[in-house]
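Residue strings, one per chain:
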Amino acid sequence: MITTRPYDNPFTPSFGEVPSFMAGRSEIISNLVRAFDSSRRSPYLSCAITGARGTGKTALLSFAGREAEARGWICVDASALPGLLEDIYERALDAASHLLDSSDSPRITSVSMAGAGVSWEYPASEGGNWRTRMSRLLEELAEFRTGLLITVDEVRPDLDELVQLVTAYQHFVRENRRVALLLAGLPRNMSALIRDESASFLRRAQSVTLGLLPSFEARLAFERTCALAGKEVDDDALDVAVEAAGGFPFMVQLVGFRMWEAAVDDESISAAAALEGARLARLEFTERILGPTYRELSPGDRAFLRAMLDDDDVSALGDVAHRLERGNSYAAQYKRRLLDQGVIEEDFDGMLRFAMPGMREFVEERPAKGTL
Ligand SMILES: Nc1ncnc2c1ncn2[C@@H]1O[C@H](COP(=O)(O)OP(=O)(O)O)[C@@H](O)[C@H]1O
Ligand SMILES: [Mg+2]
């Protein structure tokens with residue numbers, strides 16, 4: 001009897017993990033990589049990345065950070081939380097410590113006998129406000145021709161420090177410093193941030209929306225991720241997996257993870273294993289993505305989605321407005337909100353469809369006035 005070793009599951013069904021095979025996203029990745037490589041300033045060095053929860057924003061930030069580091073950049077990853085500015089400065093110092101003169105770090109000068117009081121002496125270069133200290137750091141990095149990439153995840157419009165960061169960054173750019181800023185967040189938060197007058201510089205940043213992966217990319221993701229870890233996937237299993245994932249990056253990982261587990265002792269993944277994987281993945285996806293997304297929708301958003309259910313596949317805005325007994329401009333507002341949240345998609349002809357796998361069924365199962 002031949003026994004096969006159960007290989008480690010290569011899928012990454014948790015938030016923020018860089019997948020072992022990055023599906024799609026090749027255009028934005030190659031633009032970023034070229035920007036990091038180039039000695040001239042590319043517009044892609046200032047980028048605002050949006051997309052629904054689970055479309056791969058955090059993974060893309062981390063991926064871009066690795067690519068930048070491989071090209072000699074210093075990379076600092078931060079989240080939009082109070083203390084953001086100091087966090088960025090401290091982490092940048094840390095990440096650049098191999099380049100910077102070590103005498104620049106604070107030194108303990110005395111420790112009181114009680115052990116409670118420690119006084120620090122900061123070298124002269126430590127003084128000044130945040131922007132001054134950052135400028136000094138950038139100057140030192142410039143001596144090594146090194147750039148600084150700052151990534152900020154989960155942006156929100158109500159954090160003053162984020163607006164201050166954007167303002168200071170704008171000055172760094174104007175001063176021709178080698179800096180890059182990649183922001184990521186939910187579409188609604190990003191648009192509110194961009195609307196802020198003080199952050200209006202962001203209107204000129206590259207804006208990237210992460211949508212669904214085309215099915216051939218999702219197929220490639222299943223095939224390659226499994227192949228890299230030593231398992232094959234039957235053709236009909238691939239059909240099942242691609243269909244279940246609906247092009248949604250997080251769902252690709254959930255389906256992949258579960259179907260791998262269902263076939264853990266086998267050399268290849270069968271359609272039966274893929275079906276079992278898809279079933280479990282749907283349950284998890286509902287709990288982790290559909291539920292939280294639906295909970296954030298307003299009654300008007302939900303009514304719009306319910307009005308789409310009368311169509312089998314795609315909906316025209318006029319029909320939805322008619323069913324809501326409202327005018328087109330009222331319906332268009334809700335269309336925009338739902339597009340922004342990645343809940344629906346609009347094709348080139350303006351036809352609308354549900355953009356998250358299983359969302360249609362999820363809405364169907366909600367009572368008309370239900371809150372979940
Ligand atoms: N391009 C991609 N191809 C395959 N899987 C991806 C891709 N981007 C993200 N993922 C996976 O999807 C999941 C969600 O990604 P994450 O970056 O956390 O999303 P977000 O930050 O938008 O909520 C993670 O498990 C990640 O590994
Ligand atoms: Mg994220």
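Residues numbered from 1 in each chain as written. Chains lettered and ligands numbered in written order. Predicted model: local features only at pLDDT ≥ 70, side-chain atom pairs only at ≥ 80, totals over all residues. Heavy atoms only, no water.

Draft legend 1. View of the side chain of N31. Summarising the element assignment, N31 is placed in helix 1 (residues 26–37). In terms of polar contacts, N31 uses its side chain to reach the side chain of Y44, at 3.3 Å. (Helix = DSSP H or I, 4+ residues; strand = E, 2+ residues; numbered from the N terminus. Polar contact = N/O pair within 3.5 Å; in protein donor to acceptor, adjacent residues only side chain to side chain.)

Draft legend 2. Focus on the domain arrangement of the chain. Domains assigned within the chain are domain 1 (26–105 + 119–209), domain 2 (215–293) and domain 3 (296–365). Each of domain 2 and domain 3 has a C-alpha centre, and the two are 28 Å apart. Every contact between the two is made by twelve residues of domain 2 and, on the other side, nine residues of domain 3. Summed over both partners, the interface of domain 2 with domain 3 comes to about 760 Å²; 75% of that surface belongs to carbon and sulfur atoms. Of all the elements in the fold, those that place two or more residues in the side of domain 2 that touches domain 3 are helix 8 (235–245) and helix 10 (271–295). Per element, the largest residue contribution to the side of domain 2 that touches domain 3 is seven residues, and it comes from helix 10. Class assignment for the residues of the side of domain 2 that touches domain 3 results in eight nonpolar, four polar and no charged. (Domains from an automatic or database assignment. Contact = heavy atoms within 4.5 Å. Buried area = accessible area lost by both parts, 1.4 Å probe. Nonpolar A, V, L, I, M, F, W, Y, C, P; charged D, E, K, R; others polar.)

Draft legend 3. Up close: the side chain of R302. Locating R302 in the fold gives a position in helix 11 (residues 299–308). Despite its burial, R302 pairs with no opposite charge, the nearest such side chain being D301 at 7.1 Å. Within the structure, R302 has its side chain in polar contact with the backbone oxygen of R295 (distance 3.5 Å). (Buried < 20%, exposed > 50% of the residue type's maximum accessible area, 1.4 Å probe, protein only. Lys, Arg positive; Asp, Glu negative; His and termini not counted. Salt bridge = Lys/Arg side-chain N within 4 Å of Asp/Glu carboxyl O.)

Draft legend 4. Spotlight on the site of ligand 1. Close to ligand 1 lie 21 residues; T12, G16, E17, K57 and A59 are nearest. A distance of 2.7 Å separates an oxygen atom of ligand 1 from a polar atom in the backbone of A59. With respect to ligand 1, the backbone of F250 contributes an N or O atom lying 3.5 Å from an oxygen atom. Where the shell around ligand 1 is concerned, the elements lending two or more residues are helix 2 (57–70) and helix 9 (249–262). Taken together, the residues of the shell around ligand 1 break down into nine nonpolar, eight polar and four charged. Two domains share the shell around ligand 1, each providing at least three of its residues, namely domain 1 (26–105 + 119–209) and domain 2 (215–293). (Near = heavy atom within 4 Å.)

Draft legend 5. Structural view of the state of the cysteines. A full pass over the atoms with the stated rule returns zero disulfides. C47 supplies the cysteine sulfur nearest to C75, a cysteine that is in no disulfide, at a spacing of 14 Å. (Disulfide = S-S within 2.5 Å.)

Draft legend 6. Region of interest: the packing of aromatic side chains. Going through the model one piece at a time under the given rule, you end up with eight aromatic pairs. Judged by centre distance (6.5 Å) and plane angle (40 degrees), the rings of W130 and F172 are tilted. In this pair, W130 is assigned in helix 4 (residues 130–143) and F172 in helix 5 (residues 160–174), connecting sequence segments 42 residues apart. Across the pair, F172 and W130 agree in class, each one buried. Relative to F362, the ring of Y294 has its centre 5.3 Å away and its plane inclined at 70 degrees; by these criteria the two rings are edge-to-face. Of the two residues, Y294 is situated in helix 10 and F362 in helix 14 (residues 359–365); the sequence distance between them amounts to 68 residues. Judged by relative accessible area, F362 falls into the buried class, the value being 5%. R133 extends its terminal NZ or CZ atom over the ring of Y89, reaching a point 4.8 Å from the ring centre. (Phe/Tyr/Trp six-rings, centres within 6.5 Å; stacked < 30°, edge-to-face > 60°. Lys NZ or Arg CZ within 6 Å of the ring centre and 35° of its normal.)

Draft legend 7. Representation of unusual backbone geometry. Notably, R25 is not glycine yet its phi reads approximately 60 degrees, a positive angle. One can find R25 in the segment before helix 1. A relative accessible area of 15% means that R25 is categorised as buried. Residue R145 is not a glycine yet carries a positive backbone phi of 55 degrees. Along the chain, R145 turns up in the loop between helix 4 and strand 5 (148–153).

Draft legend 8. Structural context of the packing of helix 3 (residues 84–95) against helix 5. Axis separation between helix 3 and helix 5 bottoms out at 8 Å; the angle between their running directions is 55 degrees. Our classification of the angle between helix 3 and helix 5 gives oblique. Residues L84, L85 and I88 of helix 3 touch helix 5, and the partners they reach there are E161, L162, Q164 and L165. The residue makeup of the contact of helix 3 with helix 5, split by class, is five nonpolar, one polar and one charged. (Axes fitted to C-alpha atoms, helices over the stretch in contact; angles between N-to-C directions. Parallel < 35°, antiparallel > 145°, perpendicular 65-115°, else oblique.)

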